[in-house]
Amino acid sequence: MSGLKVPTMAEMLATGETPDVLFWVGCSGSFDDRAKKITKAIVKILNHCDVKFAVLGAEEGCTGDPAKRAGNEFLFQMQAMMNIQVLNGYEVKKIVTGCPHCFNTLKNEYPELGGDYEVIHHTQLIQGLINDGKLAVEGGDTFKGKKITFHDPCYLGRANDVYEAPRDLLQKLDAELVEMKRCKTNGLCCGAGGAQMFKEAEKGNKEVNIERTEDALEVKPNVIATGCPFCNTMMTDGVKNFEKEGEIEVLDVAELIATAADL
């Protein structure tokens, strides 16, 4: 992270400053080597646009989403209450996150436990920065003439009706946006939702991510764009399964924008 400016809430508070937005990194963005690259892309964009943000650092815990989806409501509420105590202690008002699971949990499930915040997905934040003229996606030549297809994360799309922000960003690239037959409200899960990311699959004749990768391969893309670290892992594994990693890249929308903006 050398060269990147990532202040913590504690550091900001010590200097008497208050950030405009808290960047909720999430478990994948913090610990998964592939997802760390997405975190860096988001930070590069925030730094470039002079967004006053901070992270919780070691004070951030898992939102509890996997525990809740797996049926352990007690563990979820314990996780949530600890996080809410920290967030409310810092008087956090606005949160941005690169993980739709964190996004959905913080936005829809924390309020009834006393955690009421404005929560946005990183694609929505980046869209706002472009609309406000703070970020120019030049150097889009990187993706000129390429075909990009976007895989809708379940917790971003069907659960929260966020379909246009990521697509608007992809339209800024000088590329062709092609839709899979199952997209938007009819999108198919990557196979990692509902805590499946952390357990073995049930018996069946095909893995969900293989089925979803087949949807993507049908439109012959050069890039499969994602907006979720779990989806990124599952689609990457799917592409490897078909031995197409030499032809197809799996990249988060933030990585595509950061590359196009030459950050």
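**Side note on the pattern of salt bridges**
Move 1: All told, the structure shown has 17 salt bridges when counted by the stated rule.
Move 2: In this structure, the salt-bridge partner of Glu255 is Arg34, at a minimum N-O distance of 2.8 Å. Residue Glu255 is found in helix α11 (residues 253-260), and its partner Arg34 is found in helix α3 (residues 33-48); the two are separated by 221 residues along the sequence.
Move 3: Under the relative-accessibility criterion, Arg34 is labelled partly exposed at 23%.
Move 4: In this structure, Arg182 and Glu211 form a salt bridge, with 2.9 Å as the shortest nitrogen-oxygen distance. In this pair, Arg182 is assigned in the loop between β6 (176-177) and α9 (208-218) and Glu211 in helix α9, connecting sequence segments 29 residues apart.
Move 5: One network of salt bridges, with partners in common, ties together Arg182, Lys206, Glu211, Arg212, Glu214 and Asp215.

**Thoughts on the packing of aromatic side chains**
Move 1: Following the criterion strictly, the structure yields two aromatic pairs and no others.
Move 2: With 6.5 Å between their ring centres and 55° between their planes, Phe76 and Tyr110 make a pair best called tilted. Pair noted here: Phe76 is in helix α5 (residues 73-89) and Tyr110 is in the loop between α6 (100-109) and β4 (118-121), with a separation of 34 residues, a long-range link. The pair Phe76 / Tyr110 is uniform in exposure class, with both members buried.

**Thoughts on the layout of surface pockets**
Move 1: When its volume is computed, the largest pocket comes out at roughly 350 Å³.
Move 2: Along the walls of the largest pocket sit 18 residues, with Val25, Gly29, Ser30, Val55 and Gly57 positioned nearest its centre.
Move 3: Listing elements by their share of the lining of the largest pocket, those giving two or more residues are α2 (26-31) and α3.
Move 4: It is α2 that provides the largest number of residues to the lining of the largest pocket, a total of five residues.
Move 5: In the lining of the largest pocket, the residues fall into eight nonpolar, seven polar and three charged.
Move 6: Taken as a whole, the second largest pocket spans an internal volume of roughly 260 Å³.
Move 7: As for the second largest pocket, its lining consists of 14 residues, of which Gly191, Gln196, Ala201, Glu207 and Val208 are closest to the centre.

Definitions and limits used
- Residues numbered from 1 in each chain as written.
- Predicted model: local features only at pLDDT ≥ 70, side-chain atom pairs only at ≥ 80, totals over all residues.
- Heavy atoms only, no water.
- Salt bridge = Lys/Arg side-chain N within 4 Å of Asp/Glu carboxyl O.
- Helix = DSSP H or I, 4+ residues; strand = E, 2+ residues; numbered from the N terminus.
- Buried < 20%, exposed > 50% of the residue type's maximum accessible area, 1.4 Å probe, protein only.
- Phe/Tyr/Trp six-rings, centres within 6.5 Å; stacked < 30°, edge-to-face > 60°.
- 1 Å grid on protein atoms, 1.4 Å probe; cavity = no way out; pocket = protein on both sides within 12 Å on 5 of 7 lines; lining within 4 Å.
- Points joined across faces, edges and corners; volume = space filled by probe spheres on them.
- Nonpolar A, V, L, I, M, F, W, Y, C, P; charged D, E, K, R; others polar.

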